[in-house]
Amino acid sequence: MFKKVITVCILGLYPVFGSAQQVRPSKSSEIYRELKTLKQLPKVLYLAAHPDDENTGLLSWLINDQNVETGYLSLTRGDGGQNLLGTEQGAALGLIRTHELLEARKLDGAQQFFTRAIDFGFSKNTTDTFKQWNADNITADVVWVIRQFRPDVIICRFPPNAAAGHGQHAASAVVAEKAFKLAGDKSAFPDQLKYVNIWQPKRLLWNTFRFGGVNTTAENQLKVTVGQYDAQLGMGYGELAGLSRSLHKSQGAGTQSVAGIRTEYFAHVAGEPAKTTLFDGVAKTWTSQGKADMDQSLDKIISAFNFNNPELSLPALLALRKKVVTLQDADLKKDKIKSLDHIILSCAGFMGEVVTNQAEAVAGDHYNFRLNLISRAENPIILEDVQWLNQSENFNRKLSKDSLMTIQHDIQIPADAALTEPYWLARPPVNAATFSVPNDTLIGLPEAESPLNVLLGLRIGSEKFQVKLPLSFKKLDPVRGDVVEALRIVPALELKFIQPLYVINENEDLHLSLNVKVNSNKQYGNGNLNLMYNGERLGGTAISSLKGKEATIEYVIPKTKLAAIHSSRLQLDANFIADGVTYNKKQVLIQYPHLPSLQYFSPATTTIMKGDIQAKIKKVGYVEGAGDFIPDFLRIAGIQVDILKDEDFYGNIDEPAANGNQNKLSQYDAIVLGVRANNTEKKLGRWMPFLWSYVKKGGNLVMQYNTNQDTTVDQLGMYNFSIANKRVTEENAAVTFLNPNHKLLNFPNKITVDDFKGWIQERGAYFPAQWDAAYEPLFEMHDTDEEPLKGSTLYAKYGNGNFIF
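So, how was this worked out
The numbering scheme is per chain: residues are counted from 1 as the chain's sequence reads. In keeping with the model being predicted, local features are shown solely for residues with a pLDDT of at least 70 and side-chain atom pairs are shown and tallied solely at 80 or more, while totals for entire chains, interfaces and linings include all residues. Side-chain numbers come from the whole structure's heavy atoms, not from hydrogens or water. The way it works is that DSSP assigns letters per residue, a run of H or I at least four long becomes a helix, a run of E at least two long becomes a strand, and they are numbered from the N terminus. Atoms counted for the radius of gyration: C-alpha only. Globule rule: 2.2 Å times residue count to the power 0.38. We call a residue buried when its accessible area falls under 20% of the maximum for its residue type, exposed when it is over 50%, and partly exposed in between, using a 1.4 Å probe and counting protein chains only. Contact definition: two residues touch when any of their heavy atoms are within 4.5 Å. Per-residue and other accessible areas follow the Shrake-Rupley method at a 1.4 Å probe size, with only the shown protein chains counted as cover for residues. Note that His is not counted, nor are the chain ends; the positive residues are Lys and Arg, and the negative ones are Asp and Glu. The location of each charge is read from NZ of Lys, CZ of Arg, CG of Asp or CD of Glu. When DSSP locates at least two bridges between a pair of strands, those strands are taken to pair. Angles shown run from 0 to 180 degrees and are taken between the N-to-C directions of axes, each axis being a line fitted to C-alpha atoms and, for helices, limited to the stretch in contact. The rule is short: rings of Phe, Tyr and Trp, with Trp giving its six-membered ring, pair when the centres are within 6.5 Å, and they are stacked under 30 degrees, edge-to-face over 60, tilted in between. Take a side-chain nitrogen of Lys or Arg and a carboxyl oxygen of Asp or Glu: if they are within 4 Å of each other, that pair is a salt bridge. Residues enter a nonpolar core if they are buried and are Ala, Val, Leu, Ile, Met, Phe, Trp, Tyr or Cys, with the set joined through side-chain atoms within 4.5 Å. Contacts described as polar in this section are N or O atom pairs within 3.5 Å, which, within protein, must combine one atom able to donate a hydrogen with one able to accept it, while residues neighboring in sequence count only if both atoms come from side chains. If an angle is under 35 degrees, it is roughly parallel; if it is over 145, roughly antiparallel; if it lies from 65 to 115, roughly perpendicular; otherwise it is oblique. Left-handed is the label given to a crossing in which the near helix is rotated counterclockwise from the far helix by less than a right angle, and right-handed is the label when the rotation is clockwise.

Colleague: Even after reading the chapter, I still don't get the overall build of the protein, so can you show me in this structure?
Modeller: Along the backbone of the protein there are 16 helices and 44 strands. Compactness check: the protein gives a C-alpha radius of gyration of 30 Å against a globular reference of 28 Å for 805 residues, within 12% of the reference. Each principal axis of the C-alpha distribution contributes one length, and for the protein these read about 85 × 75 × 65 Å. By the burial criterion, 51% of the 805 residues in the protein qualify as buried. By sequence separation, contacts in the protein at least 24 residues apart represent 72% of the contacts at least 6 residues apart. Total accessible area computed for the protein in this model is approximately 36,300 Å², and 50% of it derives from carbon and sulfur atoms. Looking at charge distribution, the protein has the averaged site of its 85 positive side-chain charges lying 2 Å from that of its 87 negative ones.

Colleague: I would appreciate a short explanation of the sheet that holds strand 6 (residues 203-208) in the present structure.
Modeller: Strand pairing in a sheet relies on backbone hydrogen bonds, with the paired strands running either antiparallel or parallel. Read across the sheet, seven strands follow the order 4-3-2-5-6-12-9 without closing on themselves; strand pairing throughout is mixed. A single partner strand is all that each edge strand has here, and the edge strands are strand 4 (111-114) and strand 9 (222-226). Along the sheet, successive strands turn relative to each other by an average axial angle of 30°, direction set aside. Here six bridges tie strand 2 (residues 43-48) to strand 3 (residues 69-74), and the two strands are oriented parallel to one another.

Colleague: Honestly, the packing of aromatic side chains in this entry has me stumped. Any pointers?
Modeller: Here a ring pair, both rings aromatic, is described through the centre-centre distance and the interplanar angle of the planes. Evaluation of the coordinates by the stated rule reveals 25 aromatic pairs. Summarising the aromatic geometry, the rings of Phe120 and Trp133 are spaced 5.7 Å apart at their centres and angled 85° between planes, so their arrangement reads as edge-to-face. Taken together, the residues span a long stretch of sequence, with Phe120 in the loop between strand 4 and helix 4 (126-132) and Trp133 in the loop between helix 4 and helix 5 (135-149) at a distance of 13 residues. The burial state of Phe120 is the same as that of Trp133; both residues are buried.

Colleague: Sorry, what's going on with the environment of Phe779 here?
Modeller: Positionally, Phe779 belongs in strand 42 (residues 779-780). A relative accessible area of 7% means that Phe779 is categorised as buried.

Colleague: What is the right way to read the pattern of salt bridges from this model?
Modeller: Any two side chains of opposite charge can pair if their charged atoms end up close together. Applying the stated criterion across every chain, the model contains 34 salt bridges. The partner of Arg203 in a salt bridge is Glu272, with the nearest N and O atoms 3.9 Å apart. Here Arg203, found in strand 6, pairs with Glu272, found in the loop between strand 12 (262-271) and helix 8 (292-303); they are 69 residues apart in sequence, far enough to count as distant. Asp402 serves as the salt-bridge partner of Arg376, at 3.5 Å between the closest nitrogen and oxygen. Within this pair, whereas Arg376 is found in the loop between strand 15 (366-374) and strand 16 (381-387), its partner Asp402 is found in the loop between strand 17 (392-399) and strand 18 (405-412), the two being separated by 26 residues in sequence. If you follow the salt bridges from partner to partner, you end up with Glu54, Arg105, Asp108 and Arg245 in one network.

Colleague: Hey, could you run me through the nonpolar core in this one?
Modeller: Note that soluble globular proteins tend to have their nonpolar side chains buried in a common cluster. Ranked by size, the top nonpolar core spans 91 residues in total, and within it Phe350, Leu456 and Leu572 carry the most contacts. With 31 residues, the next largest nonpolar core counts Val68, Phe209, Leu278 and Phe279 among its residues.

Colleague: Before we go on, may I ask you to explain the environment of Lys696 in this structure?
Modeller: Residue placement: Lys696 occurs in helix 16 (residues 684-696). For the pair formed by Lys696 and Arg488, sequence separation is 208 residues and the distance between their alpha carbons is 54 Å.

Colleague: What is the right way to read the side chain of Arg727 from this model?
Modeller: Mapped onto the fold, Arg727 is located in the loop between strand 38 (721-723) and strand 39 (736-737). Given a relative accessible area of 13%, Arg727 falls into the buried group. Polar side-chain contacts of Arg727 include one of 3.2 Å to the side chain of Asn725. Within the local environment of Arg727, its side chain forms a polar contact with the side chain of Tyr766, the two groups lying 3.4 Å apart. Other than its neighbours up to four places away in sequence, Arg727 contacts Phe122, Lys124, Glu762, Gly764, Ala765, Tyr766, Phe767, Asp783 and Leu789.

Colleague: Teacher, can you tell me more about helix 2 (residues 56-64) here?
Modeller: Each α-helix winds once per 3.6 residues, and so residues spaced three or four apart point in a common direction. Of all the nine residues making up helix 2, nine are buried; the element is thus mostly covered by neighbouring parts of the structure. What helix 2 keeps buried is the set Thr56, Gly57, Leu58, Leu59, Ser60, Trp61, Leu62, Ile63 and Asn64. Its side-chain oxygen 3.2 Å from the backbone nitrogen of Gly57, Asn55 forms the N-cap of helix 2.

Colleague: Please clarify how the sheet that holds strand 36 (residues 670-673) should be interpreted in this entry.
Modeller: The mixed open sheet is built from seven strands, whose spatial order is 35-34-36-37-44-43-41. The sheet is open, and its two edges are formed by strand 35 (640-643) and strand 41 (776-777), each paired on a single side. In this structure, strand 41 lies alongside strand 43 (residues 794-798), joined through two bridges in antiparallel fashion. Paired with Glu776 across the two strands is Tyr795, which belongs to strand 43.

Colleague: Help me understand the environment of Val145 in this model?
Modeller: If you trace the backbone, Val145 turns up in helix 5. Residue class for Val145 comes out buried when judged on its relative accessible area of 2%. Apart from residues no more than four positions distant in its own chain, Val145 is found in contact with Leu45, Leu73, Phe113, Phe114, Arg150 and Gly444.

Colleague: Got a minute to help me understand the packing of helix 9 (residues 314-324) against helix 10 (residues 330-347) in this structure?
Modeller: Between two packed helices, what matters for the description is the angle formed by their axes and the separation of those axes. Axis separation between helix 9 and helix 10 bottoms out at 10 Å; the angle between their running directions is 165°. When the interaxial angle is binned, helix 9 and helix 10 end up roughly antiparallel. Note that helix 9 runs across helix 10; the crossing there is left-handed. Facing Leu314, Leu317, Leu318, Leu320, Arg321 and Val324 of helix 9, the residues of helix 10 in contact are Lys333, Lys336, Ile337, Leu340, Asp341, Ile343, Ile344 and Cys347.

As structure tokens, then:
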């Protein structure tokens, strides 16, 4: 399973690193907690299926009250859900949710891990789940995380049965128990042992719960009281948990910050049972490991800690470091040195950053960077040397107390520097359920450490430290203030189609537009644009020169060439070749205020749909939903789409309120409500009477699916129907046409069973449970061994118009 990698170690120097773009000191209260955590030896791994499954209240208590290193392992990155913030879906949504989890972890203090599993939406049981997921591969990933993190206690959020409420939830418990038993077995996944040792946790528990009407807790289970008030936080752990969980913004997972204590319950699953605490039988202190002097030193440091002057702890911390480096347990030494070095630098008030004023850089180009360093300690930090990317420089300079040192330096980005993108998206996935990882030792990490770092050689007293500072971009934002983010490496030239989809009739030429973006100062001449289909060149043109940083290239593929391709759906790939280099990628940039700028790259492709496709309507009014692409695709089909707002319903202020703006609504051939509009558009309740009136007078209203949670309107249709959490999750479930002659299935385009081929995730979700007799169901479908469901599409006449759900 594991490939060979080369690790370079600098003898006598221990790395201090993180995913942040700056090394900054912790606050005194955080240093104090880190010192108490340094004294504790146990670790806890919490395990579930999705980014919003973790029990943040328990995590907050474990970290801040018990001072125990705690990690959350989410099997997936949440790629299969809906997005309440924007249009990103699939892998892009998984990237957003990964970083929302990282922002949450900054608040509650836990570490974050993932497997390679791709979230594919709802599944009803583990049988359905493991038809998609490879159970052995996911188990191997969990074993790898256990062997790396070395938890003493593993806690599952869910049980392995129907009480989990979701097949992926139950699967996480199945995988957890398998991995628990295999992590300490030398014969299991032996390739991992080139990098890590086997590790056997003490116990596996299930954190039972009360969710809605489901109560899996019992008084004979192990109980723990959490949620206590922490004066250093200024809140209870339940309140901190609410803030942490509310950072899952794309999922709309805002959670109340609840003050006061509560009880958590735990059922035994495997390993040694716990009778009184989570850590029964687990070595908690250094004394239990025969290192009483470590406990004594830490007790003195903690009791003498000065919140107003943490640097007073430096001499004792440096003396403690000499003891830690003598530990025989290499894994324990590595963990504790990493934590201790961060504490020492924080007590010294050290800050370091390497920044430029450009957000993007191209491999091989030169950029001016500023190395900013400062210490706030009387006991000086000595900057011994700096290893820039391509050269080393000796300094041997003291950092004066509270005086910023700035060193300007020109840095050339290595010519072979990889593009900045998530490691799990750098290659196409292995399959629809498994990400491809270029280096197996990256498995588990939320993101890869930056490969572009300036290395500082520091000395405090007689101890030496190596600090990695990633190349970063810094700007002053007029609203947010200083913004410091990762420097993003981009291609020298990017290429993308203006549209992701082209819809044409059989007898039409195809008019394409491509955007070329130049990111370097290099001049491109005599390039060739190539349009490829199935690896063969379908067309292209020579480009004598590119003027400026961006250009639009128009190209026409004649209908005769398209007619020779006997497929109604084809994918075109574009590339641009200049000076022997092929460029074929486009940047996808994701920016939200609560996250750093996120970037990945996808091939320059577009999809062509050809055939006798009829669009009889000209103008559509649209109420936007969650993550909604439908308006874009309607426009590509040649339809005018107007996004409806308040004024479109209420009209001019002088107009009688009872009349509304009915004349404006009547101009639309149809009005469409986006996916989950009843969950996202809080004005819908005011608009619905106008929409019903629009239908009654002859309009066509199409309502896409909604969930039954956090709804705005109770009655969505002119006639009653109720939504339930009923689903058909099998992608290939047969679809029966209840009335094949129905006009909706035959005009203006005929719909057949072929139109249901190639669906992913689910056939349907949130089917109506019951409906008025005025509605006519159009389809019937069901999962294996389940009752047929008929409510996926309902049609009703209302007055002179038509309503479709």
